[in-house]
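Coordinate inspection notes
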Amino acid sequence: MANLVHLTPEDRARRIVRTGVAARSPGRAGERGVYCMPVLTSYTLTHQWVRELRRWHPGVLAAVDLRISDDEPVLVGRYNREPERCPAARAVALVGEAADPRGFEIFVPRAISAGEVRRVRSVAQGIGWRHKPDAHGVRPCTCPACIQPGTPKVARLRRRLPDGDFRPRKTKPELMAQLHGAATVEDVCDALWGLGTRSRGGAEELEFLADHPDPDVRELLYDVLESYRGKAARELRARLLSNADWL
């Protein structure tokens, strides 16, 4: 049997135990089904889609553990590539053996019955990637081809980063001066994007932003600190996560 995990809004969890998982999501070939990940040895990789899905499903997500037949036909692949159709056991092996499993997904082209639901459980809400793997600290492209219609907060992002804005990278002293002299949230976020483009130390210099009134700033700070080295960066990320009203 293939063990899979499906992520869903917590308010649907009780109904799923009774009725199963409805085939709500559209697949590449037009069929409806359920997106899942295999249970991997890494908790983070197994639940890697949490942060990305929270952009589209505000509120708390829950994990639904599923078990389907090894011979069940499914589709598997990276989200931005053409998927492969194969048995569920083969799909699980492909993801588990991938050099970088981030961005992979398994699509079951049918509903999941209540008998195939093993349990519904809580899952950490701050793990995984957003936008795409390795997006932390990378200046996003705001053209219509890269940002899908309906993406949350896209208007604000485009005001801050107009299409075709490819200015040279500022030095750290210049970015810190911009942070301390910022008059708008956009100025703060622009400086943080710059600080997250390379690995560095000195995370304690950003502690004054941990209590910033704008949740977008605190969320971006959490992402940017992943590029920082040292104990100060780890402690500041833990502090932000413990008070994460932006999750």
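This is a predicted model, so every value here is computed, not measured.

Turning to the overall build of the chain, a few remarks are in order. On a plain count of helices and strands, the chain comes out with nine helices and eight strands. Across the 247 residues that make up the chain, the buried fraction comes to 47%.

A surface patch of positive charge is lined by Arg14, Arg15, Arg18 and Arg24. With respect to the secondary-structure elements, Arg15 resides in helix H1 (residues 13-19).

Once that is clear, we can look at helix H9 (residues 231-242). Over its 12 residues, H9 extends 17 Å from the first C-alpha to the last, a length consistent with the 16 Å expected when each residue adds 1.5 Å. Contacts made by the buried residues of H9 are with helix H8 (215-224).

Looking now at the environment of His57. Counting through the fold element by element, His57 comes out in the loop between helix H3 (50-56) and strand S4 (61-68). By relative accessible area, His57 is classed as partly exposed at 31%.

All right, on to the pairing of S4 then. The side chains of a regular strand alternate between the sheet's two faces. Of all the eight residues making up S4, seven are buried; the element is thus mostly covered by neighbouring parts of the structure. Here strand S1 (residues 2-9) pairs with S4 via eight bridges, running antiparallel. Considered in S4, the bridge of His6 is made with Val64. Examined bridge by bridge, S4 and strand S8 (residues 117-122) share five bridges and lie antiparallel to one another. Within S8, the residue paired with Ala62 across the bridge is Ser122.

As enumerated under the stated definition, the model contains four aromatic pairs in all. Measuring from ring centre to ring centre gives 6.1 Å for Trp49 and Tyr79, while their planes differ by 90°; the resulting arrangement is edge-to-face. With Trp49 in the loop between helix H2 (43-46) and H3 and Tyr79 in the loop between strand S5 (73-78) and strand S6 (84-87), this residue pair connects regions lying 30 residues apart in the sequence. In textbook terms, an aromatic cluster arises when at least three aromatic residues are bridged by ring pairs, as seen for Trp49, Tyr79 and Trp129. It is Arg237 that lies over the ring of Tyr222; its NZ or CZ is 4.0 Å from the centre.

Moving on to H8. Most of H8 is tucked away, with nine of its 10 residues classed as buried. The set of residues buried in H8 consists of Asp216, Val217, Arg218, Glu219, Leu220, Leu221, Tyr222, Asp223 and Val224.

Another point: the environment of Leu40. Position of Leu40 relative to the elements: it lies in the loop between strand S3 (32-38) and H2. On the basis of relative accessible area, Leu40 is assigned to the buried category, the value being 17%. Sequence-wise, Leu40 and Ala93 are 53 residues apart; in three dimensions their C-alpha atoms are separated by 9.8 Å. With near-sequence residues (within four places) excluded, Leu40 lies in contact with Leu45, Thr46, Val95, Gly96 and Pro101.

Attention now moves to the nonpolar core. Leu66, Ile68 and Ile112 are the most contacted members of the largest nonpolar core, which has 32 residues in total. For this core, the elements supplying multiple residues, two or more each, are S1, S3, S4, S5, helix H4 (88-97) and strand S7 (104-108). Examining the composition of this core, we find that five residues originate from one element, S4, more than from any other. Ignoring sequence-local partners within four residues, the contact set of Ile112 consists of Thr19, Gly20, Val21, Val34, Leu66, Ile68 and Val117. Of all hydrophobic cores here, the second largest spans 24 residues; its members include Ala191, Leu209, Leu225 and Leu240.

Under the criterion given, the structure shown has 13 salt bridges. With a shortest N-O distance of 2.7 Å, Arg119 and Asp65 are connected by a salt bridge. On the criterion of sequence distance, the pair formed by Arg119 in strand S8 and Asp65 in strand S4 is long-range, its members being 54 residues apart. With its nearest N and O atoms 3.0 Å apart, the salt bridge here joins Arg102 to Asp100. Here Asp100 falls in the partly exposed class, since its relative accessible area comes to 33%.

Calculation criteria
Residues numbered from 1 in each chain as written. Predicted model: local features only at pLDDT ≥ 70, side-chain atom pairs only at ≥ 80, totals over all residues. Heavy atoms only, no water. Helix = DSSP H or I, 4+ residues; strand = E, 2+ residues; numbered from the N terminus. Buried < 20%, exposed > 50% of the residue type's maximum accessible area, 1.4 Å probe, protein only. Patch = residues over 30% accessible without salt bridge, like charges linked within 9 Å, V, L, I, M, F, W, Y side chains within 5 Å. Areas by Shrake-Rupley, 256 points an atom, 1.4 Å probe, with all protein chains shown as cover. Salt bridge = Lys/Arg side-chain N within 4 Å of Asp/Glu carboxyl O. Lys, Arg positive; Asp, Glu negative; His and termini not counted. Charge placed at Lys NZ, Arg CZ, Asp CG, Glu CD. Expected span 1.5 Å × (residues − 1). Contact = heavy atoms within 4.5 Å. Pairing = 2+ DSSP bridges. Phe/Tyr/Trp six-rings, centres within 6.5 Å; stacked < 30°, edge-to-face > 60°. Lys NZ or Arg CZ within 6 Å of the ring centre and 35° of its normal. Core = buried A, V, L, I, M, F, W, Y, C linked by side-chain atoms within 4.5 Å.

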